[in-house]
Amino acid sequence: MRWSIPSFASVTLRWRVALCLGLSIAFGDLPGQTVEIWRAQSQNAPENPSQFGTIEVVDSKDVLSLDSDVVVANTTLLAQNEPLSPSEFNPDPGASQREQPQTPEAPELFPPILPQLPEYGQEALPRSLQLPRKGTREVVPRRKKLEYETYPQAEEGEGLLPSSQPAPNRWFIGFGRWKRYADPSTETPYQSDLHLWHPYLQSKLKGDAPIIDQDIFLNITAEDFFQFEARKLPTPSGVSTARPNSSEFFGLSDQEFWSNDFSIGIDLFKGETAFKPIDWALRLLGVYNHNYIDVEERNVVNPNPQNGTTREKEFWSLQEAFAEIHLRDLSNNYDFISLRVGMQPFVSDFRGFIFNDTNLGIRIFGNYDNNRWQYNLAAFDMREKDTYSDLNEFDPRKQQVYVANVFRQDLIWKGYTGELTFVGDFDNNSRHYDKNGFITRPAPIGTVVDHYLQAYYLGWTGDGHIGWLNIDHAFYQVLGEDGLNGIAGRRVDINAQMAALELSVDKDWMRHKLSIFYASGDSDPADSHATGFDTVFDRPFFIGGPFSFFSHQGFNLAGTAVNFKQRDSLVIDFRTSKSEGQANFVNPGALIFGYGFDADILPKLKSFINVNYIRTVTTETTELVLFTNKASNDFALDCSAGFEWRPLLTDNIILTAGAGFLVPRWGYKDIYRANTVPVFGYPSPPPGHVDPFLYSAIVTLTLTY
């Protein structure tokens, strides 16, 4: 309790002392009571303080209370036995023990300030608790699997709290009704009703609630993928042409193609996947394909020219069928190891440069160290592919592919993930004709003999960012042997390289990209060393992906029964087919420089623009195959643009449209014309017609339920 007493200038020091002593004697000695009389100050103090004098702190245990009529001049009395107001209360009990800095009596004397007590929570930690702590290690559990605890009494309704009841199935407890707006059709959060086919609300058919017990779920996905292409490709006319007297080297090149894939996927799995991996899973994916193609030249859809220039086919395939089982947990954070067996998809690296396919195999995968490490061990016994739809058939093929890779997050820089990959391709002696009747193994070029192929890929890839710079890179070294390469006409040792780099910068809603792709070529195709790079089954999204003409389209090598490059591939490999043929490591290689621009125009609309310059690395293989002494590395210029529209802001409806253009340069013209440039003064037939540009327009519609 505090009293503030106004000052009187006429009182003297002796009177103040006598009054204080009188108060002390009058109130007597009362135990436990203390009055502190603080230094008196006057609001109208003169310049000389000695006229009034001062009274320092006087402690007395004899004062219990003060009469309200008593007036003490020039003093402030503080009774500590009364509670203070909230604004004056100090919860720190040690605050009164702190030494307050005093004003120096003389300018030249500065007494040292004693160290202050630390604030609460800022005290120095003991040495045993400071980081980094030594002598500690993580306790690794040895349990094979982390299980939820069971409470049998609760399930039987025993041991419950008063006024409570058991709820054994938490999935159907539901939420409280809450309508944000008067009209419930606008938005009604926390809906608990289960629907059968609703794509957004809770449904048992899309894994929102268990169908058996409390942890076995079912997810059914129906999807329809429609694709239409209008394209211009270099097309050989052959002897039996569609038009009389037009048997030039290349004929009419316009084509139309459409394909529709309708698929139904069924996933049945056990386990609540919010915090831990599934215990087991079964997946089935069936696809029905219907396709149609219309060309302008014969001998394209069938070796028999009587079959015309159109083809319509339908095909059904069990594309995916596998079982997965959770083997064990490796840590308390659910680092795990699992096994998957059956027809399953797999991508060997971030962009699918070497292997990106769905095939029959066995795979061991998982993660470690709080998901910083991820690993895969996979072996595939390849099935044949359908010629028209590129879907899996049940016919076995004499080819095995082995893949081992490991991912490490933040290996070098924060935000960067590195990957080390090994891929082994063992393609044994075999002979195969596709459904059009063309031979694909062995390749009908050079020496046509059944042969085996063994190739070993070692790669380092990465994806992430270094500060503001996004980086995506890949490097592969391939070694091995080819029992008898058709172009070389002999057994060859494989030694080839591939490198890819994409650097991009994000600025608001835009991304600018610079990319380079390199696949080594063979400068001496007749020797025993194959230095041209080829893949196993690649499907990369690079330099524009499906919108780029060069990346998306595959076209024939002039005057031969092999392709210059494969569909959805970047390498120039002189191979019959990516899905049904064998890899060929005697090729001219490829070098691509590109610029890309991606833009999020609207939340529902994205655009993609890419410009690429394409060169071959060597020309010796091209000259040997085409029996020419004139070939250029300057191949073509590739330009593309595309859009992706998601009207519902989800993946239920996706519409894409785009176009790519290939502007031929001297390297292309040297390959796709009948003769070289005529020499003045020497009679010779005119060179064959070369299209001034090639195009590829594509429209796709994906509907997912």
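On a predicted model such as this, the values are computed, not experimentally measured, just so you know.

## Section: the overall build of the chain
In terms of helices and strands, the chain carries five helices and 27 strands. Looking at the 705 residues of the chain, the share that counts as buried comes to 40%. Long-range contacts, defined here as pairs at least 24 residues apart, represent 62% of the contacts in the chain between residues at least 6 apart. Carbon together with sulfur atoms contributes 58% to the accessible area of the chain, which is approximately 39400 Å² in total.

## Quick word on the pattern of salt bridges
Oppositely charged side chains may form a pair once their charged atoms are brought near each other. In the structure shown here, the tally under the stated rule is 26 salt bridges. Across the salt bridge formed by Glu320 and Arg283, the nearest N and O atoms sit 2.6 Å from each other. With a gap of 37 residues between them, Glu320 in strand E8 (residues 310–329) and Arg283 in strand E7 (residues 280–294) connect regions that are remote in the sequence. Neither residue differs from the other here; Glu320 and Arg283 are each classed as buried.

## Quick look at unusual backbone geometry
The residue after Arg441, namely Pro442, is reached through a cis peptide bond having omega -5 degrees. With respect to the element layout, Pro442 can be found in the loop between strand E15 (439–441) and strand E16 (453–466). Its identity is not glycine, yet Asn370 carries a phi of approximately 55 degrees, on the positive side. Overall, Asn370 belongs to the partly exposed group, its relative accessible area being 41%. The backbone phi angle of Phe574 is positive, close to 50 degrees, even though this residue is not glycine. By secondary structure assignment, the location of Phe574 is in the loop between strand E22 (563–565) and strand E23 (590–602). Its relative accessible area of 2% is what places Phe574 among the buried residues.

## Concerning the side chain of Arg397
As for its placement among the helices and strands, Arg397 is situated in strand E12 (residues 392–409). Here Ser579 takes part through its backbone oxygen, which lies 3.0 Å from a polar atom of the side chain of Arg397. Those residues within four positions of Arg397 in sequence are excluded, and the remaining contacts are Asp381, Met382, Arg383, Glu384, Asp427, Arg441, Ser579, Glu580, Gly581 and Gln582.

## Concerning the environment of Gln566
By the secondary structure assignment, Gln566 is in the loop between E22 and E23. By relative accessible area, which is 4% here, Gln566 ends up buried. Separated by 13 residues in sequence, Gln566 and Gln553 place their C-alpha atoms 7.0 Å apart. Only 3.3 Å separates the side chain of Gln566 from the side chain of Asp573, close enough to count as a polar contact.

## Considerations on a nonpolar patch on the surface
Residues Phe226, Phe228, Trp645, Leu655, Val699, Leu701 and Leu703 make up a contiguous nonpolar surface patch of about 530 Å² in total accessible area. Contributions of two or more residues to the nonpolar patch are made by strand E5 (216–232) and strand E27 (694–704). The dominant element in the nonpolar patch, judged by the number of residues it contributes, is E27, at three residues. Within the secondary structure, Phe228 is located in strand E5.

## Some points on the pairing of E27
Summarising the sheet, E5 and E27 pair through nine bridges and their orientation is antiparallel. Opposite Glu229, over in E27, you have Ile698 as the bridge partner. The sheet contact formed by strand E26 (residues 653–664) and E27 spans ten bridges and is antiparallel. The partner of Thr656 across the bridge, within E27, is Thr700.

## Here we look at the side chain of Thr235
With respect to the secondary-structure elements, Thr235 resides in the loop between E5 and strand E6 (254–270). Judged by its relative accessible area of 5%, Thr235 is buried. One polar contact links the side chain of Thr235 to the main-chain carbonyl oxygen of Leu233, over a distance of 2.9 Å.

## A word on the packing of aromatic side chains
For the structure shown, the criterion picks out 22 aromatic pairs. Taking 6.2 Å as the distance between ring centres and 25 degrees as the angle between the ring planes, the aromatic pair formed by Phe549 and Phe555 counts as stacked. Relative to Phe574, the ring of Phe564 lies with its centre 6.0 Å away and its plane at 50 degrees, an arrangement referred to as tilted. A residue pair is termed long-range when its members are at least 10 positions apart, and Phe564 in strand E22 and Phe574 in the loop between E22 and E23 qualify at ten residues. Aromatic ring contacts, followed pair by pair, group Phe549, Phe550, Phe555, Phe564, Phe574, Phe635, Tyr668 and Tyr672 into a single cluster. A cation sits over an aromatic face here: Arg363 above Phe365, 4.3 Å from the ring centre. The ring of Phe537 has Lys385 sitting right over it, with the charged end atom 5.4 Å from the ring centre.

## Concerning the confidence of the model for the chain
Looking at the chain as a whole, its pLDDT mean stands at 80, while 70% of the residues score no less than 70. The model gives residues 1–21 a pLDDT under 50, and that stretch makes 43 contacts with residues more than four places away or in other chains. Scored below 50 in pLDDT, residues 23–81 makes 102 contacts in the model with residues more than four places away or belonging to other chains.

Criteria and thresholds
- Residues numbered from 1 in each chain as written.
- Predicted model: local features only at pLDDT ≥ 70, side-chain atom pairs only at ≥ 80, totals over all residues.
- Heavy atoms only, no water.
- Helix = DSSP H or I, 4+ residues; strand = E, 2+ residues; numbered from the N terminus.
- Buried < 20%, exposed > 50% of the residue type's maximum accessible area, 1.4 Å probe, protein only.
- Contact = heavy atoms within 4.5 Å.
- Areas by Shrake-Rupley, 256 points an atom, 1.4 Å probe, with all protein chains shown as cover.
- Salt bridge = Lys/Arg side-chain N within 4 Å of Asp/Glu carboxyl O.
- Polar contact = N/O pair within 3.5 Å; in protein donor to acceptor, adjacent residues only side chain to side chain.
- Patch = residues over 30% accessible without salt bridge, like charges linked within 9 Å, V, L, I, M, F, W, Y side chains within 5 Å.
- Pairing = 2+ DSSP bridges.
- Phe/Tyr/Trp six-rings, centres within 6.5 Å; stacked < 30°, edge-to-face > 60°.
- Lys NZ or Arg CZ within 6 Å of the ring centre and 35° of its normal.
- pLDDT = per-residue confidence, 0-100.

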